Amino acid sequence: RAALDRAAVLLRIKRDVNRLDNVWGVGGGQRPVKHLVKEMNLLLREYLLSGEVSEAEHCLRELEVPHFHHELVYEVRAGGPGGPGGPRGPADARCPQAVVMVLEGSGEGPVAMMVTLLKVLWETGLVTLDQMNRGFQRVYEELGDISLDVPLAHGLLERLVELCFDRGVITRALRDACPAR
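Residues numbered from 1 in each chain as written. Predicted model: local features only at pLDDT ≥ 70, side-chain atom pairs only at ≥ 80, totals over all residues. Heavy atoms only, no water.

As recorded in an unreviewed UniProt entry, the protein goes by the name PDCD4 protein, listed as coming from Oceanites oceanicus. As recorded by UniProt, the Sequence similarities (unreviewed entry) comment attached to the protein reads in full: "Belongs to the PDCD4 family." (UniProt positions renumbered as here; feature names shortened; annotations may be inferred.)

This is the structure in structure tokens:
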């Protein structure tokens, strides 16, 4: 009875979801979308810094939102504001984080790392064919807007798509659906 009374009190408290998460452990599907997107962006940034695929895989599993893994695929290509240098302001709110990381970085490192991560997530079954398709399709649909912020986005996306196809991460149909310049 005491536990039920305590739960009722905590549920009445008008505080952040984090409070309940700390006390009771809120499941992934009950977290706000903005929180999940933020966590996925953080996961990708940490992966690019550390290169530890197993840690990225573990963090994705811990989020407990398998129905939302398409967002990770999308964030790999078109992450929200920020990147390695932090927020860039309102004009950059739709700027693709991974593309920016590729532009700011040198060489093929970040591109190859993202392809490797997607391949592992695909092989382990964490990201399904449907989620992979949904993530890529969202990027394809927003490529016009993304190109306004990153003029080289078409070329970079084409390179990412080709590498993903060559490594068996995406289907031929999804590769062929990539918008041409």
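Draft legend 1. Representation of the nonpolar core. Core analysis: the largest hydrophobic core is formed by 42 residues, its most contacted members being Leu60, Met132, Phe136 and Ile170. Elements represented by at least two residues in this core include exactly α3 (33–50), α4 (53–62), α5 (69–78), α7 (109–123), α8 (129–149) and α9 (153–166). Element by element, the count of residues in this core is highest for α3, at seven residues. With residues near it in sequence (within four places) discarded, isoleucine 170 still touches Met132, Phe136, Val161, Cys164, Phe165 and Arg175. (Core = buried A, V, L, I, M, F, W, Y, C linked by side-chain atoms within 4.5 Å. Buried < 20%, exposed > 50% of the residue type's maximum accessible area, 1.4 Å probe, protein only. Helix = DSSP H or I, 4+ residues; strand = E, 2+ residues; numbered from the N terminus. Contact = heavy atoms within 4.5 Å.)

Draft legend 2. How the structure looks around α9. Given a rise of 1.5 Å per residue, 14 residues ought to cover 20 Å, and the 20 Å separating the end C-alpha atoms of α9 matches this to within 8%. Restricting attention to buried positions, one finds in α9 the residues Ala153, His154, Leu156, Leu157, Leu160, Val161, Cys164 and Phe165. Taken down its axis, α9 places every buried residue within 170° of arc, on the same side. Backbone geometry just after α9 places glycine 168 at a positive phi near 80°. (Expected span 1.5 Å × (residues − 1). Arc of directions from axis to C-beta.)

Draft legend 3. Here's a closer look at α4. Every buried residue of α4 is accounted for by Val53, Ala56, Glu57 and Leu60. Projection of α4 onto a plane perpendicular to its axis shows the buried side chains occupying an angular sector of 100°, all on one side. Glutamate 64 lies just past α4 and shows a positive phi near 55°.

Draft legend 4. A look at the packing of aromatic side chains. Applying the stated criterion across every chain yields a total of one aromatic pair. One residue, arginine 138, lies across the ring of tyrosine 74, its end atom 3.7 Å from the ring centre. The lysine or arginine in question, arginine 175, covers the ring of phenylalanine 165, its NZ or CZ lying 4.2 Å from the ring centre. (Phe/Tyr/Trp six-rings, centres within 6.5 Å; stacked < 30°, edge-to-face > 60°. Lys NZ or Arg CZ within 6 Å of the ring centre and 35° of its normal.)

Draft legend 5. Representation of the environment of alanine 173 within the structure. Assignment of secondary structure puts alanine 173 in helix α10 (residues 172–176). By relative accessible area, alanine 173 is classed as exposed at 58%. Here the alpha-carbon distance between alanine 173 and asparagine 133, two residues 40 residues apart in the chain, equals 9.7 Å.

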